[in-house]
Amino acid sequence: MAKLFDIMGKFPFPPEEKKPRLIHKWEYSTALYPPNDATTSDNTFTLVSTDTFMLGIYELGPGGVFAPLDIHPGDESYYILNGPVLQRSGNGQFAYLETGEGLFMPEGAWHCCHNFSDQKTRILYFITPKAWSESIPPAVIPTEEETKFYKGPNNDKLPNMRDKIKDISRQGCTDDIGHWPVDPGEARETGAVYAVRDFEKLNNIHGTKHPMLMRFITSNNYGHFGEFVLPAGGYGPRCSDPDEHKGDAALFCIDGPVTVNLTDLQESFVLEKEETFFIPAGTKYQLVNFENKPIKVVFAITEL
């Protein structure tokens, strides 16, 4: 299997060869991260890595942590596949996340993750527009003395975050699309990280003729990340209204199977649980549910 650095921006294909593609679980690229100490590494699966975003899964064993702290030159969002997990930020924030909840981590925020449970935890992550700088892991990493934690030796000398973290529990609206859960520029400046509970997801309806529930975990000028929920059909299968995006996108199946229908190309693909479908910018698609239950997929879209 290729090294993580070797596939950055060109998995499962180079940027100039982008096309719609169903990516099976057995095609995911695997790696330990960080690569130099298995005892403090997570098990990483790269689903998609293009010039516009990275989508992947990482796993932590019971009692595990990935260390040292990590950072990205883009925003990172989480969807917790199997929780609970505790995400630590270098600024003194600790987010306890259960299965199905999300997280918004702005560009430049130092972080790591702990598993304090007796089960393996799994996190689906979306990083855009750029996942890595030239160094993997980062060349310069803050020491414990340069971060905040319980009775940290330099807590009083580090920035106070109390007035920098916003309340995101209000009900959102359509006008919040592109600004959820907070103003992205402000978050990137302060480094504040936001857990997005199920009731804090930004709800909307995708389409009117064939409505589908759309629930944003994050939505800003870097990208959009959340859930599509398509109910079961009645007389015939249930389908979503066709859509296309200005940027690249991917779908990850949480509860399926679901058929991805490329309406203009007259091609369709069945997406099974935990498989991924890559959708290049400008490709028209719709979701079709042939099951007797709702289906759920996570969407990762760089530009709506």
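Residues numbered from 1 in each chain as written. Predicted model: local features only at pLDDT ≥ 70, side-chain atom pairs only at ≥ 80, totals over all residues. Heavy atoms only, no water.

A. The arrangement of unusual backbone geometry in detail. For the bond from Phe 11 to Pro 12, the omega torsion is 10°, close enough to zero to count as cis. Positionally, Pro 12 belongs in the loop between α1 (4-7) and β1 (21-23). Even without a glycine there, the phi angle at Glu 274 is positive, about 65°. By the element assignment, Glu 274 lies in the loop between β19 (267-271) and β20 (276-279). On the accessibility criterion, Glu 274 (13% relative accessible area) is buried. (Helix = DSSP H or I, 4+ residues; strand = E, 2+ residues; numbered from the N terminus. Buried < 20%, exposed > 50% of the residue type's maximum accessible area, 1.4 Å probe, protein only.)

B. Highlighting the sheet that holds strand β15 (residues 224-230). Pairing is antiparallel in the open sheet, where seven strands are placed in the order β1-β20-β17-β22-β15-β14-β13. The open sheet has two edge strands, β1 and β13 (202-206), and neither has a second partner. This sheet shows a mean twist of 25° between the axes of neighbouring strands, independent of strand direction. Taken together, the four bridges between strand β17 (residues 249-255) and β20 define a ladder with antiparallel strand orientation. What sits directly across from Ala 249, in β20, is Ile 279. (Pairing = 2+ DSSP bridges. Axes fitted to C-alpha atoms, helices over the stretch in contact; angles between N-to-C directions.)

C. Looking closely at the pattern of salt bridges. Summed over the entire model, instances satisfying the criterion amount to 19 salt bridges. The salt bridge involving Lys 25 is made with Glu 274; its shortest N-O contact spans 4.0 Å. Here the residue Lys 25 occupies a position in the loop between β1 and β2 (29-33), and Glu 274 occupies one in the loop between β19 and β20, the gap between them amounting to 249 residues. Between Lys 201 and Glu 227 there is a salt bridge, with its nearest N and O atoms 3.2 Å apart. Placement of the pair is Lys 201 in the loop between β12 (194-196) and β13 and Glu 227 in strand β15, with a sequence separation of 26 residues. For the pair formed by Lys 201 and Glu 227, the shared burial category is buried. Linked through salt bridges whose partners overlap, the residues forming this network are Lys 25, Glu 59, Lys 120, Arg 122 and Glu 274. (Salt bridge = Lys/Arg side-chain N within 4 Å of Asp/Glu carboxyl O.)

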